[in-house]
Amino acid sequence: MEWTAPTPLGAVEEFRYQVGSGAVMSVNKESTVNITGLNPGSLYLIKIISVDTNSGPTEQTTYVEISFATMPAVPGPIDLVSSDLIASDGQSTITWKSTGTVTSYTVTISELVMNPIVVNNPFYVIGGNAAKNGHRYTLTVKAHSYNLESGEYSEEFRTAITQPNPPALPLTCNEDDRKSTSIYVRWQAPTIPNGDILYYLVDIVSGPTTVPQFNTSTNVLVQKVEPLMEESQYCFRVKTVNDGPDNICTSVPSYQQQCCYTRADLPAVPTTVMHNITSRSIHISWRKPVESKGAITGYRLRVLSNNVCVVEVLLACSNGCTNVLLQHTCASYRRLIRENRNSTELISSMSYKIDHLLPYTDYEVWINAINAAGDGDRNETLVQTDSEVPQKPLSVVASVVSSSEITVTWNQPTPRPGVTTYHVEAYEVVSNTQPTVVKFSNLTGFSAQTTTFSELEAYWNYTFSVVAATEKGNSEESEMSRTVTTHQDAPGKVTNFVITIPENTLTTMQVSWAIPLLRDRNGIIKEYRISHNISGTTTLETIIAEFEIFQKLYYITPDRHYKVELDAVNSINQIGQKEQMIFHAIPKIETHMSDNAYSIGTVVGTAVGCVLFTILVMGIVVYLILKRRNKKSGPRQEHDESQHGDQYEDLGMDNISSYQGTKDIPNVYDQIGRVQTIDKHYENMLP
């Protein structure tokens with residue numbers, strides 16, 4: 001607990017507290033206290049006392065009181081001694097530990113009490129035969145006191161294990177379960193096992209021979225009983241065994257006995273069974289059983305997939321043997337084949353080819369001999385047909401996603417030929433040349449019939465083909481998809497961007513450039529934007545892209561710096577990469593140009609001109625000095641040089657021809673391929 005001391009603080013020399021009627025305890029001048037040793041879930045009256053001993057002749061006190069309840073303790077664990085039994089009246093009491101004061105509990109029990117219920121005592125009675133014997137339940141309980149709730153306690157408990165019920169009816173032995181020396185007995189699990197079923201006991205209650213009791217070892221619901229005598233009746237009863245004590249773990253015998261006849265002696269399994277497998281067929285060869293138990297009247301071959309009959313073949317005796325009517329066992333809507341063989345063939349080496357199967361598929365192959373007693377034991381073999389070369393992929397479709405992505409889909413004819421890998425190739429399409437492979441993608445999985453190519457060129461022509469492959473080889477290449485063009489994207493930089501001073505003209509600046517390289521155009525170039533400060537402020541000018549080479553002239557003032565920025569714009573108004581150049585116009589008195597504007601020859605010529613000009617000026621100066629000496633007085637000659645203003649003086653834009661262009665083609669992008677382009681590297685690119 002904690003409290004706030006009164007103001008002024010010096011008026012209190014000591015704080016004390018008292019819990020209920022207990023002893024008064026001092027905490028000096030501390031304003032907090034930890035009170036321990038309380039009973040969970042109980043209500044307490046706590047008194048906080050202020051003590052003043054200095055301001056009067058006697059000790060003075062005052063106090064405040066507060067009611068406080070502690071949180072109830074978490075209940076549990078379950079008292080197993082009294083909760084693991086079910087009384088004779090079907091009731092079971094679940095008891096749990098409880099600490100401190102608790103006014104009520106909320107309880108849930110899995111499968112029995114789904115919604116929480118409230119009880120006032122630390123136990124719950126399960127009545128009305130609601131609980132199952134030997135069953136596991138989970139109890140969840142919370143304690144409540146003074147509107148406070150404890151943490152949740154959860155524990156699994158098990159009711160008492162009692163004697164199990166016998167197996168449920170009916171006991172059966174199906175026609176296919178009856179053999180000459182064995183019978184498969186089948187039954188249903190008891191509805192009330194009263195515990196965990198461990199196994200079953202199969203008793204032969206009547207028959208021509210004494211056979212010991214059969215233990216199934218596990219809780220399976222079928223048992224093969226052997227050895228038995230041929231063509232004899234046997235009756236069976238089955239008992240359930242659970243995990244209870246030895247004296248109660250075994251049920252009484254099943255209420256009904258099942259009687260079954262063994263067959264006349266049936267043929268044994270065919271011998272030397274071999275399988276020659278291709279992708280679409282299974283060629284089976286075999287020899288007659290060692291113990292045929294009489295004349296062989298036929299063979300039954302069955303091929304199953306996922307336990308479903310696909311084809312059944314009956315090879316029936318047609319002459320030289322007792323006439324036996326053989327019937328198909330597979331459903332009539334399956335592939336059923338019947339062929340005749342004579343008695344001599346049936347005892348010789350046999351073979352049969354089953355075709356029209358699917359490649360790379362698991363099949364069960366059953367074969368058994370038939371005599372007068374019926375179908376003998378069968379040979380069962382799991383085989384997988386071989387892979388094969390895939391068929392040619394069909395319907396290759398390319399769908400443009402963006403300026404750099406294209407999705408390709410196709411259809412692969414069934415059936416699945418095996419572990420399939422698709423080799424997808426992307427070709428760029430150039431006029432008058434064969435398409436060139438630029439990218440490829442490999443996908444594994446028969447159903448994976450789509451892929452996406454990325455990092456493609458913008459506004460570029462592509463076509464695609466697909467080849468399917470298995471371990472047996474590659475299919476024919478698919479037909480090429482329809483040629484598609486990626487979407488436009490922002491253009492790249494212009495080329496040959498140069499600023500020069502025309503010959504013998506210091507007040508004119510020429511800006512020239514050319515269209516971006518073909519792979520950098522990324523679409524149809526519609527116009528160019530020129531940003532410059534020739535007029536003293538930044539001005540943006542637009543020039544229609546009617547040519548591949550452009551020139552633009554401006555009046556300028558020498559000895560000024562000019563900034564020119566240039567970019568291309570495509571037909572969907574995407575602005576390309578910017579090119580920028582700072583140009584220094586040479587002064588009138590200089591005779592050399594900047595490296596940005598002139599070649600080395602021009603610079604050398606200018607230097608020579610400067611030397612000659614200097615000699616001429618020096619001659620004139622000498623002449624003027626001599627003349628001045630001759631004339632002691634004369635008018636003073638003044639020379640007014642033109643004064644330059646700010647470096648970005650407003651000179652005007654339209655006082656000279658706007659631009660000159662070299663027209664190469666009427667449409668810059670659509671006509672590529674019909675004329676040579678400036679870059680020459682990608683001429684004839686488009687059809």
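Up top you'll find the structure we're talking about.
Reading guide: rules and limits
Residues numbered from 1 in each chain as written. Predicted model: local features only at pLDDT ≥ 70, side-chain atom pairs only at ≥ 80, totals over all residues. Heavy atoms only, no water. Helix = DSSP H or I, 4+ residues; strand = E, 2+ residues; numbered from the N terminus. Buried < 20%, exposed > 50% of the residue type's maximum accessible area, 1.4 Å probe, protein only. Pairing = 2+ DSSP bridges. Phe/Tyr/Trp six-rings, centres within 6.5 Å; stacked < 30°, edge-to-face > 60°. Lys NZ or Arg CZ within 6 Å of the ring centre and 35° of its normal. Disulfide = S-S within 2.5 Å.

1. Things to note about unusual backbone geometry
And step 1. Look at the link from Gly 76 to Pro 77: it is a cis peptide, with omega at 0 degrees.
And step 2. If you trace the backbone, Pro 77 turns up in the loop between β4 (60-69) and α1 (80-83).
And step 3. Here the bond from Thr 414 into Pro 415 is cis, since omega is 5 degrees, no more than 30 degrees from zero.
And step 4. For Pro 415, the position within the fold is in the loop between β28 (406-411) and β29 (421-428).

2. A word on the pairing of strand β32 (residues 461-470)
And step 1. Summarising burial for β32: 10 of the 10 residues are buried, a large majority.
And step 2. Neither face of β32 is exposed, since Asn 461, Thr 463, Ser 465, Val 467 and Ala 469 on one face and Tyr 462, Phe 464, Val 466, Ala 468 and Thr 470 on the opposite face are all buried.
And step 3. Across two bridges, the pairing between β32 and strand β34 (residues 484-485) is antiparallel. Looking across to β34, one finds that Tyr 462 is bridged to Val 484.
And step 4. Judged from the two bridges that link them, β32 and strand β33 (residues 473-474) form a sheet pairing that is antiparallel. Each bridged residue has a counterpart across the sheet, and for Thr 470 the counterpart in β33 is Gly 473.

3. Quick notes on the packing of aromatic side chains
And step 1. Within this structure, the stated rule accounts for 11 aromatic pairs.
And step 2. For the ring pair Trp 187 and Tyr 200, a centre distance of 5.4 Å and an interplane angle of 65 degrees mean the geometry is edge-to-face. Remark: Tyr 200 occurs in strand β14 (residues 197-206) and Trp 187 occurs in strand β13 (residues 183-188); sequence separation between them is 13 residues. An identical accessibility class is assigned to Trp 187 and Tyr 200; each is buried.
And step 3. With a centroid separation of 5.3 Å and 10 degrees between ring planes, the pair formed by Trp 513 and Phe 550 is classed as stacked. Of this pair, Trp 513 sits in strand β36 (residues 508-514) while Phe 550 sits in strand β39 (residues 549-555), and the two are 37 residues apart along the sequence.
And step 4. The structure contains a cluster of three or more aromatic residues connected by ring pairs, namely Trp 513, Tyr 528, Phe 547 and Phe 550.
And step 5. One Lys or Arg, Lys 47, reaches over the ring of Tyr 63 and ends 4.3 Å from the middle of that ring.
And step 6. The aromatic ring of Trp 366 is capped on one face by Arg 378, whose charged end is 3.8 Å from the ring centroid.

4. Remarks on the state of the cysteines
And step 1. The tally for this structure, following the rule as stated, stands at two disulfides.
And step 2. Each disulfide pairs two cysteine sulfurs, and for Cys 235 the partner residue is Cys 259, the sulfurs being separated by 1.9 Å. Taking the torsion about the S-S bond as the criterion, the Cys 235 to Cys 259 disulfide, at about 105 degrees, is right-handed. Of this pair, Cys 235 sits in strand β17 (residues 233-242) while Cys 259 sits in strand β18 (residues 258-261); the two residues are 24 residues apart in sequence, bridging distant segments of the chain.
And step 3. Take Cys 235: its relative accessible area is 4%, and that puts it in the buried class.
And step 4. The class of Cys 259 is partly exposed, set by a relative accessible area of 29%.
And step 5. Cys 309 shares a disulfide with Cys 330; S-S distance 1.8 Å. Across the S-S bond linking Cys 309 and Cys 330, the dihedral sits near 80 degrees, which makes this disulfide right-handed. Of this pair, Cys 309 sits in strand β22 (residues 308-317) while Cys 330 sits in the loop between β22 and β23 (335-341), and the two are 21 residues apart along the sequence. Grouping residues by exposure puts Cys 309 and Cys 330 together as buried.

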